[in-house]
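Letter by letter, the chains look like this.
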Amino acid sequence: MDRAIRQALQKRELVLHYQPIVSPRGYSIVAFEALLRWQHPQRGLIGPMEFLPALEKLGFMYQVGNFVLHEGLRQFGRWLPMLDPHVVLNINISAAQLSHSGFAEMVRTELEGANVPASRLVLELTETVLFARTKRLKDEFAALEALGVRFVIDDFGTGYGSYDYLKHFPIHGVKIDKHFMHAIGHNLIVKAIVKSIIGLARDLDFDVTAEGIETPQQLKQLNELGTPNIQGFLFHRPQSAAAVEKLACNGWLTHPPVTIEAAG
Ligand code: G
Ligand code: MN
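Here is a short report on the structure shown in this document. (Residues numbered from 1 in each chain as written. Chains lettered and ligands numbered in written order. Predicted model: local features only at pLDDT ≥ 70, side-chain atom pairs only at ≥ 80, totals over all residues. Heavy atoms only, no water.)

### Points about the overall build of the protein
- In terms of helices and strands, the protein carries 11 helices and nine strands.
- For a compact globule of 264 residues, the expected C-alpha radius of gyration is about 18 Å, and the protein comes in at 18 Å, within 12% of that figure.
- C-alpha atoms of the protein, sized along the principal axes, occupy 50 × 40 × 40 Å.
- Scored against the burial criterion, the 264 residues of the protein give a buried share of 48%.
- Put simply, 68% of the contacts in the protein that link residues at least 6 apart link residues at least 24 apart.
- Split by element, the accessible area of the protein, about 12900 Å² in all, is 54% carbon and sulfur.
- The average position of the 26 basic charges and that of the 27 acidic charges among the side chains of the protein differ by 3 Å. (Helix = DSSP H or I, 4+ residues; strand = E, 2+ residues; numbered from the N terminus. Rg over C-alpha atoms; globule rule 2.2 N^0.38 Å. Buried < 20%, exposed > 50% of the residue type's maximum accessible area, 1.4 Å probe, protein only. Contact = heavy atoms within 4.5 Å. Areas by Shrake-Rupley, 256 points an atom, 1.4 Å probe, with all protein chains shown as cover. Lys, Arg positive; Asp, Glu negative; His and termini not counted. Charge placed at Lys NZ, Arg CZ, Asp CG, Glu CD.)

What follows is the structure in structure tokens.
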């Protein structure tokens, strides 16, 4: 695996796919999340769960994270003229990147190079990244916030259950972990957790996105608890830049799939 991943980096086999996030009303696209994939010559497309541990072990997280930021912003910059002014790009950021001094400065340079306003960039972080409440982390955050970049907590609800860090960082929103969505229809505890996250987020004036919506039933359950933005296979799978451009040619497919209306 280690050797394969080194070769993949050399041969530029790591690519980005993009998954749209839609609004609860009209299901129009409000964001694209850039997602790392390995385009393997024999095995086809491989998800990050399979190769991120190897990247981490080899100490490549910083380098690859920066590739995602660079490539994602360049691509989004090319789409920008076709998009509504509120549509943003979501990029996943690792602890390795944020703890590197000069990260904020690099983000600024990348935004400039791609001609993307800072207000169109959302950085996704996991709760664990924010436990290290070091001065440097706070400084990087402050610098990014001053640029106008926003932050959302990814996989929200799966951390250690302390929301204390919310006081210390300029957080703009949360993404409810997809595992909750899998059980929302048949587990009362999960349902209560999702309801409380949406309530918390509303009180704090946060953006909320529910991840992993795969069925009309899940969407219906979710809408009974609140109406967050939606990311999931029911609407859009992660897809190549070329496929996203086809969506653009079709007016971004803002209409809901027929199955949802039927379940209405
Ligand atoms: O941790 P993070 O939220 O960044 O993970 C995003 C991952 O979730 C992506 O790899 C994407 O392929 C996957 N994903 C997106 N939508 C769905 C969905 O509806 N169901 C499932 N099972 N996975 C999804
Ligand atoms: Mn994410």
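Once the structure has been displayed, the description carries forward.
### Some thoughts on the site of ligand 1
- Surveying the vicinity of ligand 1 reveals 16 residues, the closest of which are Q19, R37, E211, E214 and F233.
- Between ligand 1 and N92, the relevant distance is 3.4 Å, taken from an oxygen atom to a side-chain nitrogen or oxygen of the residue.
- Between K178 and ligand 1, the recorded distance is 3.1 Å, taken from a side-chain N or O atom to an oxygen atom.
- Taken by itself ligand 1 offers 530 Å² of open surface, and the protein chains cover 80% of this. (Near = heavy atom within 4 Å. Polar contact = N/O pair within 3.5 Å; in protein donor to acceptor, adjacent residues only side chain to side chain.)

### Comments concerning the pattern of salt bridges
- Inspection of the entire model under this criterion finds 11 salt bridges.
- Taking the shortest distance from any N to any O, the salt bridge between K167 and D164 comes out at 2.6 Å.
- Here K175 ties to E211 by a salt bridge, and the two come within 3.5 Å at their closest N and O atoms. Of this pair, K175 sits in strand 7 (residues 173-176) while E211 sits in strand 8 (residues 207-211); the two residues are 36 residues apart in sequence, bridging distant segments of the chain. Here K175 and E211 have matching classes, each one buried.
- Where salt bridges share partners, they join E33, E124, K175 and E211 into one cluster. (Salt bridge = Lys/Arg side-chain N within 4 Å of Asp/Glu carboxyl O.)

### Considerations on helix 8 (residues 188-203)
- For helix 8, spanning 16 residues, the distance from its first C-alpha to its last is 22 Å, which sits close to the expected 22 Å at 1.5 Å a residue.
- Along its buried surface, helix 8 packs onto strand 6 (150-156), strand 7, helix 7 (178-183), strand 8 and helix 9 (216-225).
- Measuring from the side-chain oxygen of the N-cap residue of helix 8 to the backbone nitrogen of I189 gives 2.9 Å; that N-cap residue is N187.
- Following helix 8 by one or two positions, D205 adopts a phi angle in the positive range, close to 60°. (Expected span 1.5 Å × (residues − 1).)

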